[in-house]
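What the coordinates show
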Amino acid sequence: MFLITSGAYIDQEFVSEIGLLPPSFLPVGNRCLYEYQIELAERFGQPIYLSIPASFELSEYEQQYIEAHQVELIRVPEGLSLGQSVLYCLNMTGVDQGELRILHGDTLYPALPEGLDLVSVSPNTGYYRRAMVNPDEVPFLLERMAVDDEEVLSGFFAFSCARSLVRYLAMNQGGFVPALSDYHLEQTLTPLPVLGWYDFGHINAYFGSRAGFTTQRSFNALQIDGRTVVKSSDNHAKVRGEIHWFSEVPPSLSVFAPKLLSSEVAEGRSRYTLEYVYNLPLSDLFVFGRLAKETWRSIFHSCRHFMSLGRLAAESATLAPDSLEGLYLPKTLARLRQFGAASGWDIDSPVSFNGRRFPSPLEMAEKSSQWIGPAGVADVAVVHGDFCFSNILYDFRTRRIKVVDPRGIDLDGKPSIFGDQRYDYAKLYHSVHGLYDLIVAGRLEASGNQTEQLLELRDDWFDYHQSIKQVFEEVFFGGQPEKMASIRAINVHLFLSMLPLHADRPDRQLTMLANAYRLYAELEKES
């Protein structure tokens, strides 16, 4: 048996920043922690169990993922200690003999060690109460405040005799560490150093481990040392634009961005260094979180404040609105033709979406552009240029957003901090109502038949996302339905324009095309 212990909710310090979640459901690398943990557990070929609090509600995706990997859920009554929770799980499964492996739900490693009757130990970071080995003494384990680099229990345990652990948990009234010490007297536990420990059990440790995990998986595009983040790319125009934006954005808006510390534009690879901000992106809070509606209201008010200041900062700008016309229809038509040529989709023929006949992708782009209209003087602002959830972080202490990865160039590829603010509205809308981050995370998928031009997309919102959508519309579009229509029309173009950019994922292209038709159907219905 392999048990992932996630039967209690995260500490209150976490809850205020992401919502009420079990530790295995924390976001890491655009996935839930339990997905990585299950992958580790599957290598042992044992039945896998995942404990969760009895009151926790899973999304449809989470339920399907867990079932697909043949993981058994154990709903644990709230208020139990760790040892009591483990004992409850073992009693509920009827497992009282044979091998048992336990991985704590707030723990992750690159790999788990083989063998039995062992406990993982790793260097501690921070000043927390930990359990550590007391060699050649009784008890075998001691709990006390640990300092940096002390070897502490790090969350993985392998037992040769589950029955013995059950007995000692019962004898110690659910005390997990005392039960381990007693088990050691009978079976002898070996403390095994395990490197690469990602500790997600405390909020500071969570952000530190998350930073290390991001660096490990980003192929050197990002380098994070806990104080700074270095972004590098061989796309010089993109990096120059971002550097220009951070350098030139007016003081009223600079508080919404990390500090630019240095920059270098070189022939081989351009780079710049920002201060590292210990906050989660809104994409993680949207896809994985469980924040209250009023917290999202505060987030959206900060977004709106940023955009209001962007308009004020552009009052003296000399940018002509008619220079922004190529942002929508011409760009979308060019991208659609690129998509059609590469994918084989007939972009000139009608499409059947959810059982109803719709115009061809090209015709849909042209028709939806009628709701966009030309940019006016009031639309010119200092813009971010890619104002979507993955590029917006939220500081819960200052109640202010922080933005990263700005565009910083105009339609001609020249450095500029100005643009059509409707595009920023639309990028935000494409995260909330367009569900872009759910698509990227694999939580919204379409089905279809390219030969017959058929598309199907379910539109059943998880209650959490429905509540966010409601608050968003209240904050940004209350009393201005005509503005929402133009933003929704721009979203049709956004999803059509993204199609060739995801050529490596035909499944994602299918979902984005279907999503464009979903938005177009709503545009027709509500306009």
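Residues numbered from 1 in each chain as written. Predicted model: local features only at pLDDT ≥ 70, side-chain atom pairs only at ≥ 80, totals over all residues. Heavy atoms only, no water.

1. Digging into the packing of helix α2 (residues 33–42) against helix α3 (residues 60–68)
Two elements in contact, α2 and α3, have axes whose closest approach is 11 Å; the angle formed by their N-to-C orientations is 0°. With respect to their mutual orientation, α2 and α3 come out roughly parallel. Two secondary-structure elements touch here, α2 through Y34, E35, I38 and E39 and α3 through Y61, E62, Y65 and I66. For the contact of α2 with α3, the per-class residue count stands at five nonpolar, no polar and three charged. (Axes fitted to C-alpha atoms, helices over the stretch in contact; angles between N-to-C directions. Helix = DSSP H or I, 4+ residues; strand = E, 2+ residues; numbered from the N terminus. Parallel < 35°, antiparallel > 145°, perpendicular 65-115°, else oblique. Contact = heavy atoms within 4.5 Å. Nonpolar A, V, L, I, M, F, W, Y, C, P; charged D, E, K, R; others polar.)

2. As for helix α8 (residues 236–248)
Between its first and last C-alpha, α8 extends 18 Å over 13 residues, near the 18 Å set by a 1.5 Å rise per residue. Residues H236, V239, G241, E242, I243, W245 and F246 constitute the buried set of α8. Looking at the packing, one finds that the buried side of α8 touches β15 (228–233), β16 (260–264), β17 (270–275), α11 (293–313), β20 (380–382) and β22 (400–403). (Expected span 1.5 Å × (residues − 1). Buried < 20%, exposed > 50% of the residue type's maximum accessible area, 1.4 Å probe, protein only.)

3. Description of the sheet that holds strand β12 (residues 190–193)
Spatially, β5-β4-β1-β6-β11-β8-β12 is the arrangement adopted by the seven strands of the open sheet, whose pairing is mixed. The open sheet is flanked by β5 (71–76) and β12, the only strands paired with a single partner. For this sheet, the mean inter-axis angle between neighbouring strands, taken without regard to orientation, is 30°. Relative to β5, strand β4 (residues 48–53) is paired through six bridges, and the arrangement is parallel. The partner of P53 across the bridge, within β5, is V76. (Pairing = 2+ DSSP bridges.)

4. With respect to the sheet that holds strand β19 (residues 356–358)
Judged by pairing direction, the sheet is mixed, and its four strands sit side by side in the order β19-β18-β25-β24 without closing on themselves. Strands at the two margins of the open sheet, each flanked by one partner only, are β19 and β24 (447–449). Neighbouring strand axes in the sheet, compared pairwise and without regard to direction, differ in orientation by 25° on average. Direction of pairing for β24 relative to strand β25 (residues 454–456): antiparallel, over a ladder of three bridges. Note that in β25 the partner of N449 across the bridge is L454. Docked against the sheet, helix α18 (residues 506–526) engages β18 (351–353), β19, β24 and β25, running at close to 95° with respect to β19.

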